[in-house]
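Residue-level structure breakdown
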Amino acid sequence: MPATTPRTPAPTAPGSDAGTPPLGSAFQPLWPFTTFAQAEAWQQKYRSGGHQPWHLDPERTALAFTQGYLGFKDVGRVTQRTVTGRDARIGVGLNLPPGAEGYRSTVAVIHLVRYGAGPDAPWEVVGTDDTTFSLTAPAYGSAVRSPIRAGGRISGVDESIRVDVRQPSSTAPIGASCCIPAGGNAQPWNTTVSFTGASDPVLTVVASTGGHISDVERFTVTAVRTG
């Protein structure tokens, strides 16, 4: 996603996926729920028995997205937090001791919004806020087919970019491209990624770079629809 994302629109009433989605028309549901019906089902289970309360915590949701869904096990610490109403930005960083190189660095800023109505609506990841490493192609929310052309801009030295295509229903990436050398100041990068087995309505395209102090030192994601 671009560094400046649209303000979260007002939610619509729950009960249907038709019309404007409850995330607001600007956003795509990446994780943990692929449809509004799934988010509603969890909400009912939570109300009746306290099922999986971590969905109400944007920090825990952001870390579960990073470590569980994306598989970046070394990125397990919250570095910053901004929550305004139904909108949250959670910075995540490497699991390093205080004072170590890279301890204060933010690997990515996860953007989340509430999925549904009410104070117990769960948090849903919708993208990342990007600065020195961006993923601008394919366009956020666009319909895609394999192969896709992925690209953006990056600032850094001796970078090595990997691009994965993921979906929540699969434990492993359904497509990957590695490794793209890059570097400089806001320099363009691009690659082609093929994928197979897409069955979820929204896919996650994730680009990551690292290799200096950790395999993943920065990452960025965008959402695309299966077309």
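Here's a quick rundown of the structure. Values in this document were obtained by computation on a predicted structure and should not be read as measured data. (Residues numbered from 1 in each chain as written. Predicted model: local features only at pLDDT ≥ 70, side-chain atom pairs only at ≥ 80, totals over all residues. Heavy atoms only, no water.)

The residue N190 is located in strand β7 (residues 175-193) in this model. Along the primary structure N190 and A207 are separated by 17 residues, whereas in three dimensions their C-alpha atoms are 10 Å apart. Setting aside residues up to four positions removed in sequence, N190 forms contacts with R149, A150, G151 and I180. One polar contact links N190 to R149, side chain to side chain, over a distance of 2.5 Å. (Helix = DSSP H or I, 4+ residues; strand = E, 2+ residues; numbered from the N terminus. Contact = heavy atoms within 4.5 Å. Polar contact = N/O pair within 3.5 Å; in protein donor to acceptor, adjacent residues only side chain to side chain.)

Let us now look at the nonpolar core. Core analysis: the biggest nonpolar cluster contains 26 residues, and F65, L70, I110, L112 and F219 have the highest contact counts within it. Contributing elements (two or more residues each) for this core: α2 (58-69), β2 (87-94), β3 (108-114), β4 (123-129), β8 (202-209) and β9 (218-226). (Core = buried A, V, L, I, M, F, W, Y, C linked by side-chain atoms within 4.5 Å. Buried < 20%, exposed > 50% of the residue type's maximum accessible area, 1.4 Å probe, protein only.)

Per the stated rule, a full pass over the model turns up 1 disulfide. One disulfide bridge connects C178 with C179, the sulfur atoms lying 1.8 Å from each other. Because the torsion about its S-S bond is 55°, the bridge between C178 and C179 counts as right-handed. For C178, a relative accessible area of 45% gives the class partly exposed. (Disulfide = S-S within 2.5 Å.)

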